[in-house]
Amino acid sequence: MASLLGDTPSLTRRVGMGIVNQRRHVALLIETSNAYARGLIEGIVKFVRQHEPWSLFLPEQERGAAPPAWLAQWHGDGLIARIESPAIAALVRKTKLPTVDVSAARHLPGIPWIETDDAAIARLAFDHLRERGFRRMAFCGEPYFNWSRWREETFLQLCADNGIECLQYAARSRAEPRYSWNVEQRRMSRWLAELPQPVGIFACYDILARQVLDLCRELDRSVPEEIAVLGVDNDELLCNACSPSLSSLQPDAVRTGYEAARLLDELLAGRAPGD
């Protein structure tokens, strides 16, 4: 388990001849494998450096991993977590610690929750493609995730309101049981091959957008003249690894992480969020 410490000196108070450490201990159940999650962590660290001398515990884990065994015996003060499964939700509930959820999955209703504005992301994507002259669009999403469905709902409504045809592709998520990369590649390739052109495709996030771009190259489709692709997260590594490079929207994950830390700070102080 790694420990990140803020720059502020540890607060202490004297009790008799002893000293009791007043530094809060906060665990982050957030993966570091993607740009959005790293942005969340960056925002949390920014809040800590500016406001609170927390010790942040950041265990190495992957998205959707099994609940960490150490959490059941951890004696910290609070959690900021991507609660992405019922198993993690059950363990977090069992700790009874003040918790802020930064996942859209909503496996633990009733606790403070903060996430990016998916409707705003969809509006930016629609405006970007329309300004580039596309009168036919498509949405490529992973319905397994709430944030993908919310982006899709707004994007489809904007297309309908503006008289623009919008085609849809529902990708199977890697998080689903019996997911097969090869099967999914064949499904998506058939969809792209039959797609009327020119078309602007809004992919729900960069990983899926890169998959679309790779198949466009294999199908010898011209990008962006025949098929334009727009992703979300602006993961520089993924975007620059694409050929041509991927255009992507950047949600303000840093602010989301910062606000999550602010909400947890209110809980730790015994205040209801927003008081």
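Chemist: Please provide a residue-by-residue account of the packing of aromatic side chains, values included.
Modeler: Within the structure shown, the criterion is met by 13 aromatic pairs. Their ring planes at 75° and their centres at 6.3 Å tell us that Phe126 and Phe155 sit as a pair that is edge-to-face. Taken together, the positions of Phe126 in helix α3 (residues 118-131) and Phe155 in helix α4 (residues 146-161) put the pair 29 residues apart, joining distant regions of the chain. For the pair Phe126 and Phe155, a shared accessibility class is recorded, and that class is buried. Here the aromatic residues Phe126, Phe139, Phe155 and Phe202 are joined through ring pairs into a cluster of three or more.

Chemist: Account for the packing of helix α5 (residues 181-194) against helix α6 (residues 206-218), naming residues and giving values.
Modeler: At a minimum axis distance of 10 Å, the contact between α5 and α6 shows a crossing angle of 65°. The way α5 lies across α6 gives a crossing that is right-handed. Along its contact with α5, which presents Trp181, Glu184, Gln185, Met188, Ser189 and Leu192, the element α6 presents Leu208, Gln211, Val212, Leu215 and Cys216. Classifying every residue of the contact of α5 with α6 by side-chain character gives 7 nonpolar, 3 polar and 1 charged.

Chemist: Give me the sheet that holds strand β8 (residues 136-141): which residues, what numbers.
Modeler: The parallel open sheet is built from 5 strands, whose spatial order is β9-β8-β10-β11-β12. Two strands bound the open sheet, and with one partner strand each, they are β9 (165-170) and β12 (247-249). Each strand of the sheet is rotated relative to its neighbour by a mean of 25°, with strand direction disregarded. Bridging between strand β10 (residues 199-203) and strand β11 (residues 227-232) involves 4 bridges; their strand directions are parallel. Following the sheet pairing, Phe202 is matched in β11 by Leu230. Along the sheet, α5 contacts β8, β9 and β10; its crossing angle with β9, the most-contacted strand, is approximately 165°.

Chemist: Hey, could you go over the pattern of salt bridges for me, with residue numbers and the actual values?
Modeler: In this structure the tally under the stated criterion is 12 salt bridges. With a closest N to O distance of 3.9 Å, Arg38 and Asp235 form a salt bridge. In this pair, Arg38 sits in helix α1 (residues 35-50) while Asp235 sits in the loop between β11 and α7 (236-241), placing the two residues 197 residues apart along the sequence. Asp235 gets classed as buried once you look at its relative accessible area, which sits at 8%. In this structure, Arg151 engages Asp118 in a salt bridge whose closest nitrogen and oxygen atoms are separated by 2.7 Å. With Arg151 in helix α4 and Asp118 in helix α3, this residue pair connects regions lying 33 residues apart in the sequence. No difference in accessibility class separates Arg151 from Asp118, as the two residues are buried. Through salt bridges with shared partners, a single ionic network connects Arg210, Asp214 and Arg217.

Chemist: Mind laying out the packing of α3 against α4, listing which residues take part and the relevant values?
Modeler: Each packed pair of helices is defined by two parameters, the angle between the axes and the distance between the axes. Interaxial distance between α3 and α4 falls to 8 Å at its minimum, and their mutual angle equals 45°. Here α3 lies oblique to α4, going by the angle between them. Both α3 and α4 take part in a crossing whose hand is right-handed. Two secondary-structure elements touch here, α3 through Asp118, Ala119, Ile121, Ala122, Arg123, Ala125, Phe126 and Leu129 and α4 through Trp147, Trp150, Arg151, Thr154, Phe155, Leu158 and Cys159.

Chemist: Could you give me a rundown of the side chain of Glu84, with the residues and numbers involved?
Modeler: Inspection of the secondary structure puts Glu84 in the loop between β6 (78-81) and α2 (86-95). When its relative accessible area of 16% is taken as the criterion, Glu84 is described as buried. Reaching out from Glu84, the side chain makes a polar contact with the side chain of Ser103 at a distance of 2.6 Å. Once residues lying within four places of it in the same chain are set aside, the contact partners of Glu84 are Arg63, Ser103, Ala105 and His107.

Chemist: Quick one: what's the story with unusual backbone geometry, residue by residue and with numbers?
Modeler: Pro224 follows Val223 through a cis peptide bond whose omega is 10°. Structurally, the position occupied by Pro224 is in the loop between α6 and β11. Of the consecutive residues Ser243 and Pro244, the connecting peptide bond is found in the cis state with omega at -5°. Residue placement: Pro244 occurs in the loop between α7 and β12.

About the thresholds
- Residues numbered from 1 in each chain as written.
- Predicted model: local features only at pLDDT ≥ 70, side-chain atom pairs only at ≥ 80, totals over all residues.
- Heavy atoms only, no water.
- Phe/Tyr/Trp six-rings, centres within 6.5 Å; stacked < 30°, edge-to-face > 60°.
- Helix = DSSP H or I, 4+ residues; strand = E, 2+ residues; numbered from the N terminus.
- Buried < 20%, exposed > 50% of the residue type's maximum accessible area, 1.4 Å probe, protein only.
- Axes fitted to C-alpha atoms, helices over the stretch in contact; angles between N-to-C directions.
- Left-handed = near helix turned anticlockwise from the far one by under 90°.
- Contact = heavy atoms within 4.5 Å.
- Nonpolar A, V, L, I, M, F, W, Y, C, P; charged D, E, K, R; others polar.
- Pairing = 2+ DSSP bridges.
- Salt bridge = Lys/Arg side-chain N within 4 Å of Asp/Glu carboxyl O.
- Parallel < 35°, antiparallel > 145°, perpendicular 65-115°, else oblique.
- Polar contact = N/O pair within 3.5 Å; in protein donor to acceptor, adjacent residues only side chain to side chain.

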